[in-house]
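# Close look at the chain arrangement
For reference, the chains in residue letters:
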Amino acid sequence: MISIRQRKGIQTTEVSEDYVTQEENVKLENKLPSSCTNRRLWTILSFAIGGTVALCTGLLTSVYLATLHENDLWFSNIKEVEREISFRTECGLYYSYYKQMLQAPTLMQGFHGLIYDNKTESMRTVNLLQRMNIYQEVFLSILYRVLPIQKYIEPVYFYIYTLFGLQAIYVTALYITSWLLSGTWLSGLLAAFWYVTNRIDTTRVEFTIPLRENWALPFFAIQIAAITYFLRPNLQPLSQRLTLLAIFISTFLFSLTWQFNQFMMLMQALVLFILDSLDMLPAVKVTWLYGIQLTGLLLVCILQFFNSMILGSLLISFNLSVLIARKLQKNLKTGSFLNRLGKLLLHLFVVLCLTLFLNNIIKKILNLKSDEHIFKFLKAKFGFGATRDFDANLYLCEEAFGLLPFNTFERLSDTLLFYAYIFVLSITVTAALAVAFRNLSDSTNQQSMYKMGEYTIALKPETAYNLIHTILFGFLALSTMRMKYLWTSHMCVFASFGLCSPEIWELLLKLIHLYNPKRICILRYSIPILILLYLCYKFWPGMMDELSELREFYDPDTVELMNWIKAVVTASIAVGAQLPLQDGCLPSGMSENKEQ
């Protein structure tokens, strides 16, 4: 018998729930594209605004420094000889090679005059392209001769405007590095402001324009920015290749333009070695960076006619030693804490011995002694014995190679830079020590993290690199005042990054049990904005006063001396040309070498 009964409630409920779930999924799918689109638009807008601010900040800094130079010397109104005299000490020497290339009848004759130079050193003919880093003057002179700009700009202005243009690139690179580390362009703006307000300690380009460091440091800043991006995890293959190309080009140009390139890159190699040993950087990427350093330096060696000082540098020996030692010790990052610590100490000993061995072998093969005065200077500077070497003692007498004066920190504190730097440094050092201990204790852990209670301390590879970089270059600046410009500019980057970094504030608030996502957002934006307002309030009037203060170059004694020397040389040449030749001999004082 057929009967009809009521449907079960369970089935009815299940159908109803499934229908509701499907309806919610449809609504969520409709919302997701809109949310992703809004986020993508916001990212593009933020990138466009940040990029525009970066370019404007760099250009304004360049114009500001060029205006200070003009106002200090009245450069546009003084004579040509006075402009050249304003390039003091070795600055004038470097500029003279640029002028020599321009005055040469042809480019080939200009190159010949630099390769067979008998004016720089008395009674000697030297290859200036081998002895000095002056390829930038050569390149600039070629540009000036080739480009149709002779009617519009004088050679000296083309030279100095190029240097001030590099300052725009320099500040933009610092801005980008801070932006990459923190995730917000506000930190880049703060880094640029700190760079300008601490101008006395971050640059000296406005009164020592042709110095090699003013050519090199912009490329060094680009290299640091590229390395910071390269160390990010999960990069696309194309992005990684392009970043490696940027690192190589900037490393090569930095090495080509500064005589201290090998020592600065040795510091970088030490940074990579420390972080690789503590398992805080990917080993593959570290190997790439070692290889780029070696390749760039060897290419510079070729361009400098196989300069033996480059081949005998500690950097080449150290990088080769690290790569060899890593092949010999394949199980370096396995085992317990004490086991890994022992392996690490053995690895350090092997690298040190290999470096000294390779360096001595290379120097003996090349019979290299030209860099001995550097090691004698370092030995005497740090109290390991006196020296009678003239060059070493000359460096010791120079104030620029002395210790960093204490009043430097007073100036950096006036802008709040030093306080912010110490604050960020203390937090990141604490995190780095915790992560390093964790990595050495647990060989299976492949990430830079450390669990402390219920919180996890993490340190990104790019943050770890910039941390060790600023520490090592800080020690270098403390020991040698001339090198402070490498540290103070990066100090601006590191301090601004920390104040705008969500990771730094998250770590601090978790440690003091005040963690709140909204609180982090408020702190990372409000504190940098307040500092920017403070800097504008305190330093803007002084900067306007600087721009309105007009001075003039005045050195009549030196001008008179230079004019007298020029007149004597001209008269000597004229008299020599009028003397008759006797018995096939040249007039007295003239060499058979036509170049003389």
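Not measured: the values here are computed from a predicted model.

Core analysis: the largest hydrophobic core is formed by 151 residues, its most contacted members being Trp194, Trp258, Met264, Met280 and Leu486. The element best represented in this core is helix α7 (residues 155-182), accounting for 15 residues. Not counting residues up to four positions away in its chain, the partners in contact with tryptophan 194 are Thr415, Leu416, Leu417, Ala420, Cys492, Ala495, Ser496, Leu499, Ile531 and Leu535.

Tallied over the entire structure, the rule returns 26 aromatic pairs. Consider the rings of phenylalanine 409 and tryptophan 487, whose centres lie 6.4 Å apart with planes at 70 degrees: the pair is edge-to-face. Linking phenylalanine 409 in helix α19 (residues 407-414) with tryptophan 487 in helix α22 (residues 484-500), this pair joins segments that are 78 residues apart in sequence. When sorted by exposure, phenylalanine 409 lands in the same class as tryptophan 487, which is buried.

A few words now on the confidence of the model for the protein. Averaged over all residues, the pLDDT of the protein is 85; the fraction at 70 or higher stands at 84%. Note on residues 445-450: pLDDT is under 50 here. Beyond four places in sequence and across chains, it has 25 contacts. Segment residues 581-596: pLDDT under 50, and 10 contacts once partners within four positions in sequence are set aside and those in other chains are kept.

Turning our eyes to something else, we now look at unusual backbone geometry. In this structure, methionine 123 is a non-glycine residue whose phi angle is positive, near 60 degrees. Positive phi is not limited to glycine here, since asparagine 367 has a value of about 55 degrees.

Right, let's talk about the environment of alanine 420 for a bit. You can see alanine 420 is positioned in helix α20 (residues 417-441). Separated by 76 residues in sequence, alanine 420 and serine 496 place their C-alpha atoms 7.8 Å apart. Among all residues touching alanine 420, those that are not within four sequence positions of it are Trp194, Ala495 and Leu499.

Looking now at the pattern of salt bridges. Considering all chains together, one arrives at 18 salt bridges under this definition. The partner of arginine 199 in a salt bridge is glutamate 546, with the nearest N and O atoms 2.5 Å apart. Here arginine 199, found in helix α9 (residues 199-202), pairs with glutamate 546, found in helix α24 (residues 517-548); they are 347 residues apart in sequence, far enough to count as distant. Taking the relative accessible area as the measure of exposure, arginine 199 reaches 12% and is therefore buried. What makes glutamate 546 partly exposed here is its relative accessible area of 29%. When the shortest N-O distance is used, the salt bridge between arginine 326 and aspartate 276 registers 3.7 Å. Separated by 50 residues along the polypeptide, arginine 326 in helix α15 (residues 314-328) and aspartate 276 in helix α12 (residues 261-277) bring together distant segments of the chain. One connected set of salt bridges, linked through shared partners, spans Asp72, Glu549 and Arg551.

Following the sequence through the fold, glutamate 90 ends up in helix α3 (residues 90-103). With sequence-adjacent residues up to four places away left out, glutamate 90 is seen in contact with Leu211 and Arg482.

Reading the values: the criteria
- All residue numbers refer to position in the chain's written sequence, counted from 1.
- Predicted model: local features are reported for residues with pLDDT of at least 70 only, side-chain atom pairs are reported and counted for 80 or more only, and whole-chain, interface and lining totals are derived from all residues.
- The side-chain values count all of the structure's non-hydrogen atoms but skip hydrogen atoms and water molecules.
- Grouping buried Ala, Val, Leu, Ile, Met, Phe, Trp, Tyr and Cys residues that are joined through side-chain atoms within 4.5 Å yields what is termed a nonpolar core.
- Working definition: with a 1.4 Å probe on protein chains only, accessible area under 20% of the residue-type maximum means buried, over 50% means exposed, and in between means partly exposed.
- Strands here mean DSSP runs of E at least two residues long; helices mean DSSP runs of H or I at least four residues long; both are numbered from the N terminus.
- We call two residues contacting when some pair of their heavy atoms lies within 4.5 Å.
- Ring pairs shown here join Phe, Tyr and Trp side chains whose ring centres sit within 6.5 Å, with only the six-membered ring taken for Trp; geometry is labelled stacked below 30 degrees between planes, edge-to-face above 60, and tilted in between.
- Confidence of the prediction at every residue is given by pLDDT, a number between 0 and 100.
- Within this document, salt bridges are pairs made up of a side-chain nitrogen of Lys or Arg and a carboxyl oxygen of Asp or Glu, the two lying within 4 Å of each other.

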